[in-house]
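In case you want the letters, here they are:
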Amino acid sequence: QINRAVMPDEIFDRDSVKAEAGSGQRFRRIEGVDTLDEEERGCRQVEMTQDAYVALLRMVKKTKMFANVPDKVIGEIGQRFELWEFDSGVPMIQQGQRGEAFFLIYEGRASVWARRGMLKGLHELARLDPGDVFGEISIILDAPANATVKGIGNVLVFVVSRSLVEY
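Quick caveat: nothing in here was measured; it's all calculated off a predicted structure.

Calculation notes
- Each chain has its residues counted from 1, following the order in which its sequence is written.
- For this predicted model, a pLDDT threshold of at least 70 governs which residues receive local features, and a threshold of 80 or more governs which side-chain atom pairs are given and counted, while totals over whole chains, interfaces and linings are taken from all residues.
- No hydrogens and no water enter the side-chain calculation; it runs on all heavy atoms of the structure.
- Stacked, edge-to-face and tilted labels apply to pairs of Phe, Tyr and Trp rings (six-membered ring for Trp) whose centres lie within 6.5 Å, assigned for plane angles under 30 degrees, over 60, and everything in between, in that order.
- Going along the chain from the N terminus, every DSSP run of H or I of four or more residues is numbered as a helix, and every run of E of two or more is numbered as a strand.
- In this scheme, a residue with accessible area under 20% of its type's maximum is buried, one over 50% is exposed, and one in between is partly exposed, where area comes from a 1.4 Å probe on protein chains only.
- Whenever a helix is involved, its axis is fitted only over the stretch in contact; in every case the axis is a line through C-alpha atoms, and angles between N-to-C directions fall within 0 to 180 degrees.
- Roughly parallel means an angle under 35 degrees; roughly antiparallel, over 145; roughly perpendicular, 65 to 115; everything else is oblique.
- Left-handed describes a crossing whose near helix is turned anticlockwise from the far helix by less than a right angle; the clockwise case is right-handed.
- Contacts: residue pairs with any heavy atoms within 4.5 Å of one another.
- Only Asp, Glu, Lys and Arg are considered charged, only Ala, Val, Leu, Ile, Met, Phe, Trp, Tyr, Cys and Pro nonpolar, and every remaining residue, Gly among them, polar.
- Note on patches: the residues involved have over 30% relative accessible area and no salt bridge, like charges join within 9 Å, and the nonpolar side chains Val, Leu, Ile, Met, Phe, Trp and Tyr join within 5 Å.
- To measure how exposed things are, a 1.4 Å probe is used in the Shrake-Rupley method; for residues, cover is taken only from the protein chains shown.
- Any Lys or Arg side-chain nitrogen located within 4 Å of an Asp or Glu carboxyl oxygen qualifies as a salt bridge.
- Polar contacts, as used here, are pairs of N or O atoms within 3.5 Å; protein pairs need one atom able to donate a hydrogen and one able to accept it. Residues neighboring in sequence count only if both atoms are side-chain atoms.
- This arc is taken over the directions from the axis of the helix to the C-beta atoms.

### What about the packing of aromatic side chains?
By convention here, two paired aromatic rings are described through the distance between centres and the angle between planes.
No. 1: Tallied over the entire structure, the rule returns 4 aromatic pairs.
No. 2: Note on F103 and F134: the rings are 5.0 Å apart at their centroids and 10° apart in plane angle, and the pair reads as stacked. Separated by 31 residues along the polypeptide, F103 in strand β5 (residues 101-116) and F134 in strand β7 (residues 133-134) bring together distant segments of the chain. Of the two residues, F103 and F134, both sit in the buried class.
No. 3: These aromatic residues form a ring-pair network of at least three members: F86, F103 and F134.

As structure tokens, then:
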């Protein structure tokens, strides 16, 4: 998902985007819930607070990708990050799919899962904590994601679009 309101024209050609069915839906309904208060699970964009923005800038400066980038540029890039909340167990990245964003964990923990081995069994490969980055390699190499990443409980993540990374 790209926030087209904050993406400059030179980074993202807004006229080239075609709406796809379901692209505006931010929630996925759980099958089999019959109560009047149907449970909604998925992800949603959260307002970026001043505290979150300051934490973001600190985290970004510690990543290898932005280690040599001047503070002024990091500030400009930071304004284009979005803050999203993912419900427990909802994939942020799915193994085999093209990466459209990379993520930086703000609050919560996530687990990395992949189908590996002869029988293609699902294995937990790692646990991610606040400050950990994932999804950037898929964008850099323009290759499908190697693993699925899901939150352990609800997770707040900073999200950057593929077009901004490429820029």
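From this point, the discussion proceeds with the structure in view.
### Things to note about the packing of helix α1 (residues 50-62) against helix α2 (residues 71-78)
No. 1: Contact geometry of α1 with α2 gives a least axis separation of 10 Å together with a crossing angle of 125°. Judged by the inter-axis angle, α1 sits oblique to α2. With respect to the hand of their crossing, α1 and α2 are arranged in right-handed fashion. Here Y53, L56, L57, V60 and K61 of α1 lie close against α2, whose contacting residues are D71, I74, G75 and G78.
No. 2: Each residue belonging to the contact of α1 with α2 can be placed in one class, and the counts come to 5 nonpolar, 2 polar and 2 charged.

### Things to note about a nonpolar patch on the surface
No. 1: A cluster of nonpolar side chains, M65, I137, I140 and L141, forms an exposed patch at the surface whose accessible area comes to about 380 Å².
No. 2: Relative to the assigned elements, M65 resides in the loop between α1 and α2.
No. 3: Using a relative accessible area of 34% as the deciding quantity, one classes M65 as partly exposed.

### A word on the pattern of salt bridges
Side chains that carry opposite charge are capable of pairing whenever their charged atoms lie near each other.
No. 1: For the coordinates displayed, the defined rule picks out 10 salt bridges.
No. 2: The salt bridge partner of D129 is R109, with a shortest N-O separation of 2.7 Å. Note that D129 is positioned in the loop between β6 (121-128) and β7 and R109 in strand β5, a separation of 20 residues in sequence.
No. 3: The partly exposed category is assigned to R109, whose relative accessible area is 35%.
No. 4: If you follow the salt bridges from partner to partner, you end up with R98, E100, D142 and R162 in one network.

### Focus on the environment of Q95
No. 1: With respect to the helices and strands, the residue Q95 is situated in the loop between β4 (91-93) and β5.
No. 2: Taking relative accessible area as the criterion, Q95 reaches 26% and is therefore assigned partly exposed.
No. 3: In this structure, the C-alpha to C-alpha distance between Q95 and R115, residues 20 residues apart in sequence, is 8.3 Å.
No. 4: Among the polar contacts listed, one links the side chain of Q95 to the backbone oxygen of N146, at a separation of 3.3 Å.

### Side note on α2
No. 1: Every buried residue of α2 is listed here: I74, G75, I77 and G78. Buried residues of α2, seen end-on, are gathered within an arc of 165° and therefore sit on one face of the element.
No. 2: Elements that come into contact with the buried residues of α2 comprise α1 and α4 (162-166).

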